[in-house]
Structures are given as structure tokens and as C-alpha cells.
Amino acid sequence: MGLMSGLVEVDQSGHAERAWVIEAIRKLKADQTRSADTHLHAVPVPGLPDVDLYLKDESTHPTGSLKHRLGRSLFLYGLCSGLISEGTHVVEASSGSTAVSEAFFARLLGLPFTAVMATTTSPTKIALIEREGGRCVLVEDPASVYDVARDLAEQARGHYLDQFTYAERATDWRGNNNIAESIFEQLAMERFPTPEWVVVGAGTGGTSATLGRYVRWRGLTTRLCVVDPENSAFLAAFRDPGCGETTCGSRIEGIGRPRAEPSFLPDVVDRLVRVPDAASVAAAHFLRSRTGALAGPSTGTAIYAATKLGCDMRVAGQSGSIVTLLCDDGVRYLDTYFSDDWVAEQGWDLGPYLAVLSHAWDHGVWMG
Ligand SMILES: *Cc1c(COP(=O)(O)O)cnc(C)c1O
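Residues numbered from 1 in each chain as written. Predicted model: local features only at pLDDT ≥ 70, side-chain atom pairs only at ≥ 80, totals over all residues. Heavy atoms only, no water.

1. So, the site of the ligand
The full set close to the ligand counts 15 residues, and K67, G203, T204, T207 and S298 are the nearest of them. The side chain of T204 places a nitrogen or oxygen atom 2.7 Å from an oxygen atom of the ligand. One of the side-chain nitrogen or oxygen atoms of T207 is found 2.5 Å away from an oxygen atom of the ligand. Considered on its own, the ligand offers 380 Å² of accessible surface; in the complex 97% of this is hidden by protein. Taken together, the residues that form the shell around the ligand break down as four nonpolar, nine polar and two charged. (Near = heavy atom within 4 Å. Polar contact = N/O pair within 3.5 Å; in protein donor to acceptor, adjacent residues only side chain to side chain. Areas by Shrake-Rupley, 256 points an atom, 1.4 Å probe, with all protein chains shown as cover. Nonpolar A, V, L, I, M, F, W, Y, C, P; charged D, E, K, R; others polar.)

2. A few points about the sheet that holds strand β8 (residues 223-228)
The strand order across the open sheet built from six strands is β1-β2-β10-β7-β8-β9, with neighbouring strands paired in mixed fashion. The strands lining the two open edges of the sheet, one partner per strand, are β1 (40-43) and β9 (271-274). When the angles between neighbouring strand axes are averaged without regard to direction, this sheet yields 25°. Pairing of strand β2 (residues 51-57) with strand β10 (residues 320-326) involves seven bridges; the strand directions are parallel. Looking at β10, one finds that D57 is bridged to L326. (Pairing = 2+ DSSP bridges. Helix = DSSP H or I, 4+ residues; strand = E, 2+ residues; numbered from the N terminus. Axes fitted to C-alpha atoms, helices over the stretch in contact; angles between N-to-C directions.)

3. Some remarks on helix α5 (residues 145-155)
Of the residues making up α5, those classed as buried are V145, Y146, A149, L152 and A153. Along the axis of α5, the buried positions cluster into a sector of 135°, meaning they face one direction only. Residues of α5 that are exposed and angled more than 90 degrees away from the buried face: E154 and Q155. Those residues of α5 hidden inside the fold are in contact with β3 (90-93), β4 (113-118), β5 (135-139), β6 (159-160) and α6 (163-170). One or two residues past the end of α5 sits R157, with phi positive at roughly 50°. (Buried < 20%, exposed > 50% of the residue type's maximum accessible area, 1.4 Å probe, protein only. Arc of directions from axis to C-beta. Contact = heavy atoms within 4.5 Å.)

Purely spatial values, then, with no claim about function.
Written out as C-alpha cells, the structure reads:
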């Protein structure tokens, strides 16, 4: 009888449930243990002999983009926070790549997965998600994806992964094999092992948050440059915190958002550069022609700005290194960003930007 002790005991522990979670975490760790790290390619730029440019190739993950890291982190975060257990219906609001990676991990764990996306999402992306065993729910209004995903998860008593809120905290920014630790370890034997700049785009903002926190934690002077496409709210939010919403969406897949997402942490960002969409696409074409690397348009955004930073360094008589990311595999975009007809339909003229890049790569001089 507990009458005298005054205790009220409410117990929700379940042996079977904990055993399932432990097994799920083992499966995620095993997947990571089987996987190799992604390459950090050195990219020679003839006009910039004293600036070393590096590309961290995130396209070689099993699901083809840097969202593989985020998908793994969000599942681990949900499992370790007691939010995902056996049979949990997992839901996400995503414009594509995140859902592809999450569907992969949901299948690994035997969990049902639903992605909520705008009706404008490309059939290629939908096919990739379905190939990984995910279900797609398409909604007319792109701004409603967050609420629809949250409601769906609630109705199913499932879990809304919510990449745009949790990306910045699901990854351990001190290290633990995150993208920042990997980059800096791979630079160890280079002539400029501490980069002058790291250049990344922002979708969730998670990657820039991890890098910005990591360089402080490690006591490094490396500066973080975020690149932003047209029609994205991050630029306004960076200039004037609390501000920023746009009405039309970004046209560069993977980066640029209609609202400043909670995972975007402007205080760790040193510089934000707005890049014209046609320049981003031109840079993806340019990278392909100069190096053979076939990357998506968000990689182009970063390459364009990284090239400008390299020229600035040369003019200032500075030497050093610049690191950026190859965010996803360009094979996904052969019918779109790499189709001349499709590019012309968008009204983009790549010519002037290709000329700027050629001149910069050959002579180290930024025109304009
Ligand atoms: C998500 C994404 C990014 C940006 O990464 P975040 O960590 O979400 O800010 C860049 N490029 C591509 C192709 C992406 O899918």
C-alpha cells in the first residue's frame, strides 16, 4: 500500500518499445559505418594560383545530396528524443531532396513515410521519393505544406520531422562526424588548412548553422558566406532580423525560401551574397564544362560567389583557401537546368555570366 508514502507513480516505460528504439539506432549507426566519407575535391582555377578552391562532394551519398546527412540526423533526433518508436508514421514538408533522404531512412527502419509537397514539384523528385518507399501528398498552396504536414502527423499520431525548425539542432555542431568536422579534417595536409571562406547556400539553414558554430568552437578565423538566390527571404532577414517574406518561391532548387526559416541562424553568418538565378545556372554549366562535375543549380550559386571572393583575395594580395559544396547530383536536372530549351523558356540568358566566370577563372579578374 502506498497510502503513507504520498507518491504518485505514472509509468510509460515499455521494454519492447525501448528494444525497438535501440535496434533502430543501431541500424542508423550501421548504415553510417558502412558508408565512406564524401570527397573534398581540389578544383584548380588557373587565374588564381594563390587561392585554393575546394568542393565537398555531397552528391555521392546514397540518396544523392547533402540532405542524406540531415535525414539521418532528424531520425536520430526523433528516436533519441522519444518521438519516434515502432510503427510511428513519419511526415515531412519538403520540396524534394529532404524527402528523398528521409524516405530512405524510413524504409531502413520499417516506418511509414509521407512527404507533403507543392503540386509544382517535379515528377522526377516524386518518382525518387516513391522509389524509396515514400508516399507523396500534393497541395495547391506551397505556403500550406507546413500546416498540412503537422495536421497529417497529428491525425496519424505520428511525428512531423519539421526540417525547417530542427535542422539547426538535430546535428551536433561540435563534431561527431558532421560536415564541418569532415571538411576541416580533410584539409589537414593542405597548404592553407584553415580556409579564408566557407561558402554555402541556405535551404533550411542547417548547414550554415553547423559550419558557423563549428568554426567558433574550434577557434578558427574562417569566415562563413551564405549565398542566396532571387525571391528568397534570407537576404531581408540578414539585413533586418525579424523581417523577410517573399510571395513567389525560389527558382534554384534546394536553396532560397519564401520565409526566413527558424533553422537559419544569421548571427553566425559573416556575409550574405545575393546571386542572380541565371548566374547560378550559368555557374553549374561552367563547372560541368571546366571540371566535368555535374551538379545542381545551388552548387552554381555557391561557385559564382566563391569565384568572386577568390578574385577579391587576389586583388588584395591575399593567399588562402575557399571551400564550398557540391550539394546534389546534376543528373536530376538534365531535363531542366541542363536543357538549353528549358533554360530559354525561363527567360534566362547565361551568356554574360559565363563570360564573367571564364574571365575570372582564366585571369583572376572579376568583370563588373
Ligand atoms: C538543402 C539544400 C541546400 C541547403 O542546405 P541547408 O542545410 O538545408 O541549408 C543546398 N543545396 C541543395 C541541393 C539542397 O537540397
